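# An overview of the molecular structure
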Amino acid sequence: MNTPDPTAPDQHTVPIHATCPKLSGLIRRPPIDIEFQDLTYTVPQGRSGSKIILRSVSGLFKSGELTAILGPSGAGKSTLLNVLAGYKVGNASGQILINSQPQDVKQFRKLSRYIMQEDLLQPGITVLESMMIAAHLKLGNSQTKAQKLETVTEILSMLRLLKCKRTLTSRLSGGEKKRLSIALELVDNPPVIFLDEPTTGLDDLSSSQCVSLLSMLASGGRTVICSIHTPSARLFAQFSHVYLVAEGQCMFAGLGQDVVPYLASLNIHCPRHYNPADFMIEVSSGEYGNFNEKMMLSIDNGRIYRWNKQLPLAQQHSDKEHLIKRPSQYDAVGKNVYEFDSSAWTQFYVLFLRMMLQNYREIKVVILKCVLILFMSIVTGGMFLNMAQDGSKTLFMFGFCFICTIVFMYIPMLPALLYFPQEVKLLKREYFNRWYRLRPYYLALTLSRLPQQFVLGVIYVSIAYYITDMPIEWIRIGKFSIICYLIGLTSESLGLAISSQLNVVNSVFVGPALSVPFMLLAIYGLGTGSSHIPPLIRIGMYGSYLRYGLEGIVLSLYEDRPKLRCPDSEVFCDLRHPNLLLVRVGMENCNYWLDVLALLVILTLLKLATFLILKRRLSPRTSCGALGYVGRFVKAHFSLTKGY
Ligand SMILES: Nc1ncnc2c1ncn2[C@@H]1O[C@H](COP(=O)(O)OP(=O)(O)OP(=O)(O)O)[C@@H](O)[C@H]1O
């Protein structure tokens, strides 16, 4: 027998090869039994009250077993899985016991991993890179790089993913994606694994291989629970425990082989050579009459621990083995056993490198963006070709300043609106499965976006500045670049703030729509003084970051400049002196650095708002009061995706 790894993170660890020889590099976790009693889940439904999805269900999912939650579509399988996993907790009532102790959702989330139906994999990285990143994040310094590589290779080999370890995740087949989703969560060897319909979209062979793998993981001492749609007879035989749900109630809980005798005891006879899984789902869907009440009562809505075919029905009722009375086999899991193995700094570093690697892999997209911004700088700059030193075109050049503001608003904002909703889904999966904390992630995200914005900004500024014939003064160029960069960063942050809460369709509508008032407020009342402007609009003007951006651009380009030349063709150039432009647009008393400060403050506030929105989205229990209510109200009543 191998000596336990001295670098293993906790005292409970022993080599897993005792039970699962293929996972010799992984550490073993204490077994976990999950019991639940009278679990009810309700969702609010507008004015009409609420909808009950789970109705007082009970059950026991033991470690070492592969449990299938079966049932017709809409029965409540995913909801049960979500509630047990702690993914949806807000509207649930009842009791969940972990090793006979009341569930502490925060602690339980440290023990369990949830593999969602949708294979949310980080794009732009290979299978091996994803696995190593997961290992660095999850295992931290508890293992050396060589040990992590060994662990990762073992898992990939077990899941038959070695041959595609250098393939980009986006190019994997459906089955490979599913196996990689599972492999990623196996890196830190969780004792409890929830899977929402792991076989959906897989062919028969891949489904069977996937369930065999889950069965093997369960036989290694883990608690593996998955919801599943109409499994074939072959798949069904691989589950050690079956939990049938219909209309939010439990219809059967027990061994798969007991399904047929159980139904027969209720006078429901499964035809010979018929798949028992199909039959029980058909019965619970009401295809042969309404037996649901009878089934629910005979299993006492899951309170009868195991249906026992040897016992007569009457005796089963009198001898109910109530879960709560079942003695605990294991000690409660210590509070500090499953803290993060990697430090916040390591998490930031690994995430930053991953994001930079993804940017690098998407270099074609970056090049395309550079070409587009080059094109735009030539077009917009070309419209004001050589006008910057022409005293008769000074007012025209104010238009150039405004166009620069618009360019640096839309160019960074639109990609953020499009890509971030998907990123939030990935974040939710990784965060829920405790890959990292939100702060290191957010810092890595913020910093990884800076270089690209910088390069795009430099391309635009240098071309547009040069072809409009602006004076080549480095301080002026620097001031112009800083303000353009800040407008770009603020616009991107606004895009991130919007798309951290809304889906893609809503985001791409709300973002540009919200920008229109910002644009109007940026130029509203320019040059006419503010005394006649209604107070509400004046407040709006102070909140429009584009106003500060426009002021900053005009000041950087026209403040402290000598008199411009007046072409011979012109009789009179009324704005020949650049300061007169500032007076005309009411910016003579503005201060460039105050504009920079205002933009920095708005940028910080937007960053903070995005962080808080993400935090709220990732913590189902935290509610931001009025903000949360408004969000739910908008989603429920005004979602633009309705009907899509
Ligand atoms: N937030 C919600 N608001 C309203 N109804 C909901 C909500 N969430 C779930 N439901 C409803 O609850 C029922 C159970 O949903 P659930 O997703 O758990 O079913 P399921 O058994 O997993 O179905 P399927 O096999 O089709 O995925 C469905 O009728 C669904 O429409």
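Residues numbered from 1 in each chain as written. Predicted model: local features only at pLDDT ≥ 70, side-chain atom pairs only at ≥ 80, totals over all residues.

## Quick notes on the overall build of the protein chain
In plain terms, the rule: Runs of E in the DSSP output that reach at least two residues are strands. Runs of H or I that reach at least four are helices, and both are numbered from the N terminus. A residue is called partly exposed when the number of other C-beta atoms within 10 Å of its own lies between 12 and 20, exposed at 12 or fewer, and buried at 20 or more, with C-beta atoms placed from the backbone. By definition, residues are in contact whenever their C-beta atoms, placed on the basis of the backbone, come within 7 Å of each other.
Counting its regular elements, the protein chain contains 22 helices and 10 strands. Here the protein chain, with 644 residues, has 41% of them falling under the buried criterion. Sequence separation of 24 or more characterises 76% of the internal contacts of the protein chain that already satisfy a separation of 6 or more.

## What about the packing of helix α19 (residues 545–558) against helix α21 (residues 592–618)?
To keep it simple, the criterion reads: Lines fitted to C-alpha atoms define the axes here, with helix axes fitted over just the stretch in contact, and angles between the N-to-C directions of these axes take values from 0 to 180 degrees. For classification purposes, an angle smaller than 35 degrees is called roughly parallel, one larger than 145 roughly antiparallel, one from 65 to 115 roughly perpendicular, and anything else oblique. In this scheme the handedness of a crossing depends on how the near helix is turned from the far one: anticlockwise by less than a right angle means left-handed, clockwise means right-handed.
The interhelical angle for the contact between α19 and α21, taken along N-to-C directions, is 150°, at an axis separation of 9 Å. In this view, α19 runs roughly antiparallel relative to α21, as classed from their interaxial angle. As α19 runs across α21, the sense of the crossing is left-handed. Residue-level contacts link Y545, Y548, G549, E551, G552, L555 and S556 of α19 to Y592, D595, V596, A598, L599 and I602 of α21.

## A short note on the environment of E65
Structurally, E65 is set in the loop between β2 (50–61) and β3 (66–70). Distance in space between the C-alpha atoms of E65 and V242 is 10.0 Å, their sequence separation being 177 residues. Filtering out sequence-adjacent residues up to four positions away, E65 remains in contact with A218, T223, S240 and H241.

## Some remarks on the sheet that holds strand β5 (residues 101–102)
Operational definition: The criterion for strand pairing is that DSSP finds at least two bridges linking the strands in question.
The antiparallel open sheet is built from four strands, whose spatial order is β2-β1-β4-β5. Only two strands of the sheet have a single partner each, and these edge strands are β2 and β5. In this structure, strand β4 (residues 92–98) lies alongside β5, joined through two bridges in antiparallel fashion. Among the inter-strand pairings, I98 is bridged to a residue of β5, identified as Q101.

## Some thoughts on the UniProt feature "transmembrane region" (unreviewed entry) in the protein chain
Test applied: UniProt positions are given in the numbering used here, feature names are shortened, and annotations may be inferred rather than shown by experiment.
The UniProt feature table records "transmembrane region" (unreviewed entry) at residues 365–385, 397–420, 441–468, 480–498, 505–526 and 592–614. Structurally, residues 397–420 is divided into 100% helix and 0% strand, and its ends, taken at the C-alpha atoms, are 35 Å apart. The straight-line gap between the two end C-alpha atoms of residues 480–498 is 27 Å; of that span, 100% is helix and 0% is strand.

## A look at the pairing of strand β10 (residues 249–254)
Within β10, six of the six residues are buried, leaving the element largely enclosed by the surrounding structure. As paired strands, strand β9 (residues 241–246) and β10 are joined by five bridges and run antiparallel to one another. Of the residues in β10, the one forming a bridge with Y243 is A253.

## Some details on the site of the ligand
The condition is simple: Note on definitions: a residue is near a molecule or strand provided its C-beta atom, placed from the backbone, lies within 6 Å of it. Each residue gets one of three labels, nonpolar for Ala, Val, Leu, Ile, Met, Phe, Trp, Tyr, Cys and Pro, charged for Asp, Glu, Lys and Arg, and polar for the others, Gly among them.
In the neighbourhood of the ligand, 13 residues make up the surrounding shell, with S73, G74, K77, S78 and T79 lying closest. Residue assignment for the shell around the ligand shows that the elements contributing at least two residues are β2 and α1 (77–85). Looking at the shell around the ligand, its residues break down into three nonpolar, eight polar and two charged.

## Side note on the domain arrangement of the protein chain
The cut-off we apply is this: Residue ranges assigned to each domain were obtained from an automatic or database domain assignment.
Under the domain assignment used here, the protein chain contains domain 1 (34–121 + 189–323) and domain 2 (344–637). Each side of the interface is counted separately: domain 1 has 11 residues, and domain 2 has nine residues. The set of elements that each furnish at least two residues to the side of domain 1 that touches domain 2 consists of α2 (105–111) and β6 (112–115). Along the lines of polarity and charge, the residues of the side of domain 1 that touches domain 2 split into five nonpolar, two polar and four charged.

## A few points about the nonpolar core
This is how it is decided: To define a nonpolar core, we join buried Ala, Val, Leu, Ile, Met, Phe, Trp, Tyr and Cys residues through C-beta atoms within 7 Å and take the resulting set.
In terms of nonpolar packing, the biggest core is built from 153 residues, with M131, F194, L244, F252 and V554 touching the most fellow members. Examining the composition of this core, we find that 15 residues originate from one element, helix α14 (residues 394–432), more than from any other. Both domains that furnish three or more residues to this core are identified here as domain 1 (34–121 + 189–323) and domain 2 (344–637).

## Concerning the sheet that holds β6
Pairing is mixed in the open sheet, where six strands are placed in the order β6-β7-β8-β3-β9-β10. Strands at the two margins of the open sheet, each flanked by one partner only, are β6 and β10. Strand-to-strand twist in this sheet, taken as the mean axis angle between neighbours without regard to direction, amounts to 15°. Each of β3, β6, β7 (192–196), β8 (223–227) and β9 touches α1; the most contacted strand, β7, lies at about 150° to it.

## Comments concerning the confidence of the model for the protein chain
Heads up, the rule is: pLDDT is a per-residue confidence score from the predictor, ranging from 0 to 100.
In this model, the protein chain carries a mean pLDDT of 83, and residues with pLDDT of at least 70 account for 85%. Ignoring residues within four places in sequence, the model shows residues 1–22, a span with pLDDT below 50, making 39 contacts including any to other chains. The model gives residues 308–336 a pLDDT under 50, and that stretch makes 36 contacts with residues more than four places away or in other chains. Two summary scores accompany this predicted model of the complex, namely pTM at 0.82 and ipTM at 0.96.

## What about the packing of helix α3 (residues 127–139) against helix α4 (residues 145–158)?
Close contact between α3 and α4 brings their axes to 10 Å; oriented N to C, the two are set at 125°. Regarding the angle of α3 to α4, the classification is oblique. Note that α3 runs across α4; the crossing there is right-handed. Residues M131, M132, A135, H136 and L139 of α3 pack against K148, T151, V152 and L156 of α4.

## What to know about helix α12 (residues 344–361)
Note the following rule: A helix is expected to reach a length of 1.5 Å times the quantity of its residues less one.
Taking 1.5 Å per residue, 18 residues should reach 26 Å; α12 reaches 25 Å between its end C-alpha atoms and fits that length. Along α12, the residues that are buried comprise Q347, F348, V350, L351 and R354. On the buried face of α12, the contacting elements are α3 and α15 (438–467).

## Thoughts on unusual backbone geometry
Even without being a glycine, S56 presents a positive backbone phi close to 55°. Here S56 lies in strand β2. A positive phi angle, near 70°, is found at S100, a position not held by glycine. For S100, a count of 16 C-beta atoms within 10 Å corresponds to the partly exposed category.

## Thoughts on the pairing of β7
Burial runs high along β7: five of the five residues are buried. By the bridge criterion, four bridges tie β6 to β7 in an arrangement that is parallel. Looking at β7, one finds that I115 is bridged to L195. Of the strand pairs in this sheet, β7 and β8 are connected by five bridges, and their pairing is parallel. Each residue of the ladder has a partner; that of D196, found in β8, is S227.

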